[in-house]
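Observations on the model geometry
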Amino acid sequence: MAKNLFEDLGFSPEEAAALKLKTDLHTKVVKAAARYSQRQLQTILDESQPRVSDLLRGKMSKFSLEMLVIYAEKLGLRTEIKTTKARSRGAAAGLALIL
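Our subject in this report is the structure included herewith. Everything quoted here is computed from the prediction, not taken from an experiment.

The next thing to look at is the packing of helix α2 (residues 13-33) against helix α5 (residues 65-74). Packing of α2 against α5 leaves a shortest axis separation of 10 Å and a crossing angle of 30 degrees. Between α2 and α5, the angle falls in the class roughly parallel. The hand of the α2/α5 crossing is left-handed. On α5, the residues that touch L21, K22, L25, H26 and V29 of α2 are L65, L68, V69, Y71 and A72. Of the residues in the contact of α2 with α5, the class split is eight nonpolar, one polar and one charged.

Listed below in structure tokens is the structure:
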């Protein structure tokens, strides 16, 4: 079993790293958004109700990593990508999202 669920699903280590980063950020954005109603989120995120609904319902394919970073910042989260030297040959081992 790989260290990353996405690798277990057949993604390359590089793709798995990107998907894990996006998933982790999406999870943190949704947790921060839980303090607000959808109407409040429309204002905070400057998005339509359907777009806010997609975000909260986990439709991650509709959101780029860049857009999730923007949402995180608008919700008061500080985003930072930290890279470290990989322990193994797989490049995916060295990425982390710091919030």
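More follows now that the structure is in view.
So, about α5. When we look at burial in α5, the residues that qualify are L68, Y71 and A72. For α5, the angular spread of buried residues about the axis comes to 100 degrees, placing them on one side. Considering only its buried residues, α5 is in contact with α2, α3 (38-45) and α4 (49-56). Where α5 terminates, the next one or two residues include G76, which has phi positive at roughly 85 degrees.

Procedures and definitions
- Residues numbered from 1 in each chain as written.
- Predicted model: local features only at pLDDT ≥ 70, side-chain atom pairs only at ≥ 80, totals over all residues.
- Heavy atoms only, no water.
- Axes fitted to C-alpha atoms, helices over the stretch in contact; angles between N-to-C directions.
- Helix = DSSP H or I, 4+ residues; strand = E, 2+ residues; numbered from the N terminus.
- Parallel < 35°, antiparallel > 145°, perpendicular 65-115°, else oblique.
- Left-handed = near helix turned anticlockwise from the far one by under 90°.
- Contact = heavy atoms within 4.5 Å.
- Nonpolar A, V, L, I, M, F, W, Y, C, P; charged D, E, K, R; others polar.
- Buried < 20%, exposed > 50% of the residue type's maximum accessible area, 1.4 Å probe, protein only.
- Arc of directions from axis to C-beta.

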